[in-house]
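Structure assessment
The primary structure of each chain is shown beneath.
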Amino acid sequence: MSLDLYIYENMLKLIIERENALTESILYGPVEDFSNFKEQKARLLELATLKQDLKSLLEKVTDNESNST
């Protein structure tokens, strides 16, 4: 379990860092055109989905471990 939690925490940290970088780029950086803006928004939504999937996976792993003991 500790390895699972370690991986989860580090992956979540990376996802949050990327989300923050994209958010900052969208809000404060220059955007060449609207298609570039849409691409950045799509990446941000993908990261949010990935973060939710990661949380769900951790819940499944912890549920399986608690049921097996």
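Reference entry: report on the structure contained in this document. Only a predicted model underlies this, so the values are computations on that prediction, with no experimental measurement involved. (Residues numbered from 1 in each chain as written. Predicted model: local features only at pLDDT ≥ 70, side-chain atom pairs only at ≥ 80, totals over all residues. Heavy atoms only, no water.)

Some remarks on the packing of helix α1 (residues 2–28) against helix α2 (residues 34–68)
Inclusion rule: Where helices are involved, their axes are fitted lines through C-alpha atoms of the stretch in contact, as for all axes, and angles between N-to-C directions lie from 0 to 180°. A run of DSSP states H or I qualifies as a helix once it reaches four residues; a run of E qualifies as a strand once it reaches two. Both are numbered from the N-terminal end. Every angle not falling under 35 degrees, over 145, or within 65 to 115 is termed oblique; those three ranges are roughly parallel, roughly antiparallel and roughly perpendicular. A clockwise turn of the near helix away from the far one marks a right-handed crossing, whereas an anticlockwise turn of less than a right angle marks a left-handed crossing. Each residue is assigned to one class: nonpolar for Ala, Val, Leu, Ile, Met, Phe, Trp, Tyr, Cys and Pro, charged for Asp, Glu, Lys and Arg, and polar for all the others, Gly among them.
At a minimum axis separation of 10 Å, α1 and α2 run at an interaxial angle of 165 degrees. The pairing of α1 with α2 is recorded here as roughly antiparallel in orientation. Along this stretch, α1 crosses α2, giving a crossing that reads as left-handed. Here the residues of the contact of α1 with α2 sort into 16 nonpolar, three polar and eight charged.

Digging into the pattern of salt bridges
Our working rule: Each salt bridge in this description consists of a side-chain nitrogen of Lys or Arg and a carboxyl oxygen of Asp or Glu lying within 4 Å of one another. Categorising residues by exposure relies on relative accessible area from a 1.4 Å probe, with only protein chains included: less than 20% of the type maximum marks a residue as buried, more than 50% marks it as exposed, and the intermediate range marks it as partly exposed.
Tallied over the full model, the rule gives two salt bridges. Where glutamate 19 meets lysine 51, a salt bridge forms, and the shortest distance between an N and an O atom there is 3.0 Å. Here glutamate 19, found in helix α1, pairs with lysine 51, found in helix α2; they are 32 residues apart in sequence, far enough to count as distant. Judged by relative accessible area, glutamate 19 falls into the buried class, the value being 11%. Ionic pairing is found between glutamate 39 and arginine 43, a salt bridge with its closest N-O pair at 2.7 Å. On the criterion of helical spacing, the pair formed by glutamate 39 and arginine 43 is a turn pair, its members being four residues apart in helix α2.

By themselves, these figures tell us nothing about what the structure is for.
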